[in-house]
Every structure is written in structure tokens, then in C-alpha cells.
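Structural overview for review
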Amino acid sequence: MAPKKVFSSYFLTEDAQKRLGSLGYDLDQSSADQLPRAEFLRRVKGVHGIICDSACQVDAETLDAAGDTLQVISTHSVGYNHVDLAEAHRRGIQTGHTPDVLTDAVADLALTLILMVLRRVVEAAAVIPTGQWCNQPTWMLGRQLRGKAVGIVGLGRIGEGVAQRLRGFGVSRILYSGRRPREEAALRVGAKFVSFDELVRQSDVVCICCSLNGSTYHLFTYDVFKLMKPTAVIINISRGGVIKQEDLVSALANKIIGGAGLDVMTPEPLPTDSHLLKYPNCVLLPHIGSATVEAHEAMGHLCIDNLQAGLEGKPLPHPIPQ
Ligand code: NDP
Ligand code: DGY
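These lines cover the structure that appears in this document, whether it is placed above or below.

Calculation rules
Residues numbered from 1 in each chain as written. Chains lettered and ligands numbered in written order. Predicted model: local features only at pLDDT ≥ 70, side-chain atom pairs only at ≥ 80, totals over all residues. Heavy atoms only, no water. Helix = DSSP H or I, 4+ residues; strand = E, 2+ residues; numbered from the N terminus. Rg over C-alpha atoms; globule rule 2.2 N^0.38 Å. Buried < 20%, exposed > 50% of the residue type's maximum accessible area, 1.4 Å probe, protein only. Areas by Shrake-Rupley, 256 points an atom, 1.4 Å probe, with all protein chains shown as cover. Lys, Arg positive; Asp, Glu negative; His and termini not counted. Charge placed at Lys NZ, Arg CZ, Asp CG, Glu CD. Near = heavy atom within 4 Å. Polar contact = N/O pair within 3.5 Å; in protein donor to acceptor, adjacent residues only side chain to side chain. Nonpolar A, V, L, I, M, F, W, Y, C, P; charged D, E, K, R; others polar. Disulfide = S-S within 2.5 Å. Salt bridge = Lys/Arg side-chain N within 4 Å of Asp/Glu carboxyl O.

1. Considerations on the overall build of the protein chain
- For the protein chain, the count of helices and strands is twelve helices and twelve strands.
- Relative to the 2.2 N^0.38 estimate, which gives 20 Å for 322 residues, the radius of gyration of the protein chain is 21 Å and therefore close to what a compact globule would have.
- Put simply, the protein chain has 322 residues, and 48% of those count as buried.
- With an accessible surface of roughly 15,800 Å², the protein chain has 53% of that area assigned to carbon and sulfur atoms.
- A gap of 7 Å separates the mean positions of the 32 positive and 33 negative side-chain charges of the protein chain.

2. Quick look at the site of ligand 1
- Of all residues adjacent to ligand 1, which total 29 residues, the nearest are R157, I158, R179, S215 and D263.
- Separating an oxygen atom of ligand 1 from a backbone N or O atom of G156 is a distance of 3.1 Å.
- A distance of 3.2 Å separates an oxygen atom of ligand 1 from a polar atom in the backbone of S211.
- Relative to its unbound accessible surface of 910 Å², ligand 1 loses 91% to contact with the protein.
- Partitioned by chemical class, the residues of the shell around ligand 1 number ten nonpolar, 13 polar and six charged.

3. Structural notes on the state of the cysteines
- Within the structure shown, the criterion is met by zero disulfides.
- Residue C207 stays outside any disulfide, its sulfur separated by 3.7 Å from that of C209, the closest cysteine.
- With no disulfide of its own, C210 has C209 as its nearest cysteine by sulfur position, at a separation of 7.8 Å.
- Using a relative accessible area of 14% as the deciding quantity, one classes C210 as buried.

4. Looking at the pattern of salt bridges
- For the coordinates displayed, the defined rule picks out 15 salt bridges.
- One salt bridge in this structure joins D28 and R43, with 2.8 Å as the shortest N-O distance. Linking D28 in strand 2 (residues 26–29) with R43 in helix 2 (residues 37–43), this pair joins segments that are 15 residues apart in sequence.
- Measuring nitrogen to oxygen at the nearest pair gives 2.7 Å for the salt bridge that ties D108 to R165. One end of the pair, D108, is in helix 5 (residues 103–118); the other, R165, is in helix 7 (residues 157–167), and 57 residues separate them in sequence.
- What emerges from the salt-bridge pattern is a single network uniting D64, E87, R90 and R91.

Following this line, the structure appears as C-alpha cells:
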């Protein structure tokens, strides 16, 4: 029997390649920084499994291009807004993702962003090479996290990880919003369920930790930013699409919020002429939430566990919830 074909949208670790090799699969993988869409569609033709990342749209067009050999889509990410689940399900294709193993990495990065924005870290560091270092005691004052109210939009795995870490910083309150209360998680971290409006009005730091879905797309608009305290900062480690980005630019331009810290934005990579780059109180990171050696390795294992199960026609160990 001919070996099963697998296409990966990114270059796999040596470990992962060895594992796929020992399973006897025929692997094609992209080494391009940005895989052109047309090339992706060409290379998935006739494959049995697709390994993808969150930058790679796996939609009906992809499934058509792959054809009816396709058995499994395994994404090297916990987020799955780039996969058309309904279409995959309709065609009997299994879908898997990599939850839990990146939670610590992403929650750490959320705290990093919060502190970078509150303490003006990027702005301050940029001064050194300019020689504008000032010795006035009132220069470059930031704000402390202690005593602040923090609102978490989406108390899922990562939201809970952020809340756990916040407790060590002595915040005054942890609020959270979502489609329903998450009572067990809330109890573990001492968080209070409030409405979305209440959360944005009361928080000094708003941290977006939800998934991107129909209910969260463009959740943050100019009208929402207007509800925030003028000193409050917005942090986004979720997906760029949760914020209507031009409205965030207007909110920063009109100083109606205190600052922003984003690991995710629209589009990615962010064009170098983006207006977001104009504001010193807006800290931008290139989607590195899960980018640690530890998380990446563990995600790689889960990703191949899913792929292997799918190719063997077994239930996936980490299926994407339908
Ligand atoms: P979970 O599924 O555990 O959490 C997602 C949370 O989103 C749930 O608590 C869900 O709560 C909440 N949610 C969904 N809709 C809404 C809504 N309308 N309002 C508020 N909350 C909502 O996923 P993870 O915590 O593991 O990951 C969360 C997201 O983080 C991923 O989907 C991904 O997009 C992003 N991510 C980003 C990374 C990065 O590199 N920056 C790395 C990893 C993940 P409920 O259903 O109760 O409303
Ligand atoms: C995820 O796991 O969803 C991250 O965004 C990595 O792409």
C-alpha cells in the first residue's frame, strides 16, 4: 500500500520529522516564512493529513483542493478560528488542536505585556540609545499593578492562567466575562463574573483571553473603548479580530484609553506603516504567546498524536470541540 501523504504548512522539528518518518508517512513540508496560498492549495492535493498553524486558513477551498483522500487536520495551535470546522465535520474529516501545553507560556506573556504597558518598558528602553535619559524623579512614571482591578474577557485555560498569576501581584479584584459563568475556575482564582459592560467600565486592565468566534469578532469597538477608564489599558493575547483595530487606533489617538499591549493584530504580519506603530503607549509583539521551546515541543507532540490517530481512523486524543 502506498504511504499516506501528509502536508505541513510549517517546517517541523527534527523530532517530529523522525516520528512521521518512523510511522512511514510521506511528508511534504513548507520552509517558507509565508507560504503563498496558491502553493498551499497545490501542495495539499491528494494528501491524507494536513498539519497547519494558525496563520494558515483551512477552509472549504482547502478541503476541495485536498480532495476526498483527506482524513485529518491537525493544527499546531489551541486556537482554531482558521479551520472551517463545520465543513470538515460535514465531510467526515477529523480536526485536532493542542490545548493546555501552551497555557503557561501564553499567560506569562500576558503578564509581560501588562507590565510592559503599565511600566512603559518599550518607551523607556528606547530612550537609552538616544541619549535623552533624564534624571528628574517625575520622569517616565508608570503605574503599578498592585491594587488595580483586572478584567479578563474569557476565563478559559489561558484566562485562568492569567488570573492565577495576577494574584501574586496583589490586584484588588479580578473580574471576568463570558457567555456563561465558569464557576469552578472562578473559585480557584477568586474571580467574579460580571457583564461585559461592567467589566470594561470597572477594570484598570482589560485582558482579552477568549477565543475568536461569532460572538467575539470586533467585540471591542470605539463605543466600548469609550466605556473604559481613561487610564485603563487593553491587552490582547487572543486574536486580532476581537478588536476592531481602526477603532483602537482612534481610541489611542484621542487618548480615551491609557494604552494597549497586543500580541495579536490584524493582519499578521502587521504592515510596517500601520498607525498602531505611532503610539508609544501601544506595545506590539509579533504573536509570540506560545513561542517557548517547551510549549513548541509539547505542541508538536500533541499535533502528531492527533495526526496519527486521524490517519489510523481512530478518535483524536485532542479533538477540536464541535
Ligand atoms: P479556552 O477554550 O480554554 O478558552 C476560551 C475562552 O473564550 C472560554 O473561556 C470561553 O468562555 C471564552 N469566550 C468565548 N466566547 C466568549 C465571549 N463572547 N465573551 C467572553 N468570553 C468568551 O481556550 P484557551 O484559553 O486555551 O485559548 C484561548 C485563545 O487564546 C485561543 O482560542 C487563541 O485564539 C488564543 N491564543 C493565542 C496565543 C498567542 O500566541 N497569542 C496562544 C494560544 C492561544 P465561554 O465559552 O464560557 O464564554
Ligand atoms: C494558538 O495556539 O492559538 C496560538 O495563537 C499559536 O498560533
